Amino acid sequence: MKRKVLPPLDNESDDPIVITGLNNRFGTNVIHEDLNLTVKRGEILAIVGGSGSGKTVLLRSILGLQKPTSGDICLFGHKLYEGSEARTRQILAKTGVLFQSGALFSTLSVVENIMAPMMEFTRLSRREAQSIALLKMSLAGLPLRAADLMPSELSGGMIKRAALARALALDAQLLFLDEPTAGLDPIGAAAFDTLIKELARSMDLTVFMITHDLDSLYAICDEIAVLADRHVAEKGPVEQLEKSDHPWIHEYFHGPRGRLSKKEKA
């Protein structure tokens, strides 16, 4: 079977994500209305918002899984929903995704899961792909003895790290994380936050993260975008958002959990 090898993109923009005038609606249910968002290169940006604010719909739209009703999504300076499906795949090949559940292939070993993107989109031999997969495991902090384990044999933390290694398999420049610390104990979550920050800095990654974890916001995020009222209500560093008078934002950062997190960081 011929592999779908994709050539590099040309004329790339400095801003990996630029969203303008985005609208998403399902029948009469409006999820996003005139949403605008820019994510700068090398930035760790978190998306927060209440239940039903459209965080998952936004992520799916950016990943090409759900075409928006209207508006533009540009990745690396290229409109995502213009041109052929092959062009869209070419753009998305520069991204990596860590889904909340890990989404590992249950019938493949850890190393085979990490090899999968390389076997589909590159001309690497199986041996070459395996060598790179082992390197990605090390970068993700996963012991090499886990290479031949099946996903069912992994702990929750190991599943996260295996999924992260797979997300980095094609040397992604833009990394998407969906609730990366969900299900982890506080120590494991803190270690995973540190890993993400170190990888982002050392590999010049841009990180787009959906999270409810206040500790993550304080520990590693450069900017936070708040989804409320069907659009990005406010965007800025955590110190700026702490001063916001928007009702939801104020409650989020100054409610009982917000106060506890801030106290722990002091």
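Preceding block: the structure.
Residues numbered from 1 in each chain as written. Predicted model: local features only at pLDDT ≥ 70, side-chain atom pairs only at ≥ 80, totals over all residues. Heavy atoms only, no water.

### Quick look at the pairing of strand β10 (residues 231–236)
Here's step 1: When strand β9 (residues 223–228) meets β10, the two strands line up antiparallel, connected through 5 bridges. Residue pairing in the sheet places L227 in a bridge with V232 of β10.
Here's step 2: Two successive antiparallel strands, β9 and β10, enclose a turn made up of 2 residues, where D229 displays a positive phi of approximately 55 degrees. (Pairing = 2+ DSSP bridges. Helix = DSSP H or I, 4+ residues; strand = E, 2+ residues; numbered from the N terminus.)

### Structural notes on the pairing of β9
Here's step 1: Taken across its 6 residues, β9 has 6 buried, putting it largely inside the fold.
Here's step 2: The alternating pattern of β9 places E223, A225 and L227 and I224, V226 and A228 on opposite faces, both of which are buried.
Here's step 3: Relative to β9, strand β3 (residues 44–49) runs parallel, the two being bridged by 5 bridges. Note on β9: the bridge partner recorded for V48 is V226. (Buried < 20%, exposed > 50% of the residue type's maximum accessible area, 1.4 Å probe, protein only.)

### Looking at the sheet that holds strand β7 (residues 174–178)
Here's step 1: Taken in spatial order, the 6 strands of this open sheet run β6-β7-β8-β3-β9-β10, and their pairing is mixed. A strand with exactly one partner marks an edge of an open sheet, and here the two such strands are β6 (95–98) and β10. Sheet twist, expressed as the mean angle between neighbouring strand axes with direction ignored, is 20 degrees.
Here's step 2: Sitting on the sheet, helix α1 (residues 55–62) is in contact with β3, β7, β8 (206–210) and β9, with an inclination near 145 degrees to β8.
Here's step 3: Relative to β6, helix α5 (residues 156–167) is tilted by about 165 degrees, and along the sheet it contacts β6 and β7. (Axes fitted to C-alpha atoms, helices over the stretch in contact; angles between N-to-C directions. Contact = heavy atoms within 4.5 Å.)

### Here we look at helix α2 (residues 85–92)
Here's step 1: Buried residues of α2: T88, Q90, I91 and L92, and no others.
Here's step 2: Of the surrounding secondary structure, the elements contacted by the buried residues of α2 are α1, β4 (70–75), β5 (78–79) and β6.

### Re the nonpolar core
Here's step 1: Residues L164, L175, V207, L217, C221, I224 and F253 are the most contacted members of the largest nonpolar core, which totals 50 residues.
Here's step 2: Filtering out sequence-adjacent residues up to four positions away, L164 remains in contact with L98, A140, L175, F192, L195, I196 and L199.
Here's step 3: Counting 25 residues, the second largest nonpolar core, distinct from the first, contains L59, L75, F208 and I210. (Core = buried A, V, L, I, M, F, W, Y, C linked by side-chain atoms within 4.5 Å.)

### Quick look at unusual backbone geometry
Here's step 1: The phi torsion at D204 lies on the positive side, around 55 degrees, for a residue other than glycine.
Here's step 2: Tracing the backbone shows D204 in the loop between α6 (186–203) and β8.
Here's step 3: When its relative accessible area of 39% is taken as the criterion, D204 is described as partly exposed.
Here's step 4: One non-glycine residue, D229, lies in positive phi territory at about 55 degrees.
Here's step 5: Tracing the chain through its elements places D229 in the loop between β9 and β10.
Here's step 6: Residue class for D229 comes out exposed when judged on its relative accessible area of 55%.

### A look at the pattern of salt bridges
Here's step 1: Evaluation of the coordinates by the stated rule reveals 9 salt bridges.
Here's step 2: Notably, a salt bridge pairs K79 with E82, separated by 3.7 Å at the nearest N-O pair.
Here's step 3: Judged by relative accessible area, which is 35%, K79 ranks as partly exposed.
Here's step 4: Its relative accessible area of 47% is what places E82 among the partly exposed residues. (Salt bridge = Lys/Arg side-chain N within 4 Å of Asp/Glu carboxyl O.)

### Re the sheet that holds strand β1 (residues 17–26)
Here's step 1: Pairing is antiparallel in the open sheet, where 4 strands are placed in the order β2-β1-β4-β5. Both edges of this open sheet fall to β2 (29–39) and β5, since each of them pairs with a single strand only.
Here's step 2: Inspection of the sheet shows β1 paired to β2 by 7 bridges, in the antiparallel sense. The partner of I19 across the bridge, within β2, is L37.
Here's step 3: With respect to the sheet, α1 is in contact with β1, β2 and β4, its orientation differing from that of β1 by roughly 120 degrees.

### Topic: the side chain of T95
Here's step 1: As for its placement among the helices and strands, T95 is situated in strand β6.
Here's step 2: A polar contact of 2.6 Å, which involves the side chain of T95, links it to the backbone oxygen of L92.
Here's step 3: With near-sequence residues (within four places) excluded, T95 lies in contact with F76, A172, L174 and F176. (Polar contact = N/O pair within 3.5 Å; in protein donor to acceptor, adjacent residues only side chain to side chain.)

### Describing the packing of helix α3 (residues 110–121) against helix α4 (residues 126–139)
In a packed pair of helices, the relevant descriptors are the angle between the two axes and the axis-to-axis distance.
Here's step 1: Between α3 and α4, whose axes approach to 9 Å, the crossing angle comes to 120 degrees. On the basis of their axis angle, the class for α3 and α4 is oblique. In terms of crossing hand, the pair formed by α3 and α4 is right-handed. Together, V110, V111, E112, I114, M115, M118 and M119 of α3 and R126, A129, Q130, I132, A133, L134, K136 and M137 of α4 make up the contact between the two elements.
Here's step 2: A per-class count over the contact of α3 with α4 returns 11 nonpolar, 1 polar and 3 charged. (Parallel < 35°, antiparallel > 145°, perpendicular 65-115°, else oblique. Left-handed = near helix turned anticlockwise from the far one by under 90°. Nonpolar A, V, L, I, M, F, W, Y, C, P; charged D, E, K, R; others polar.)

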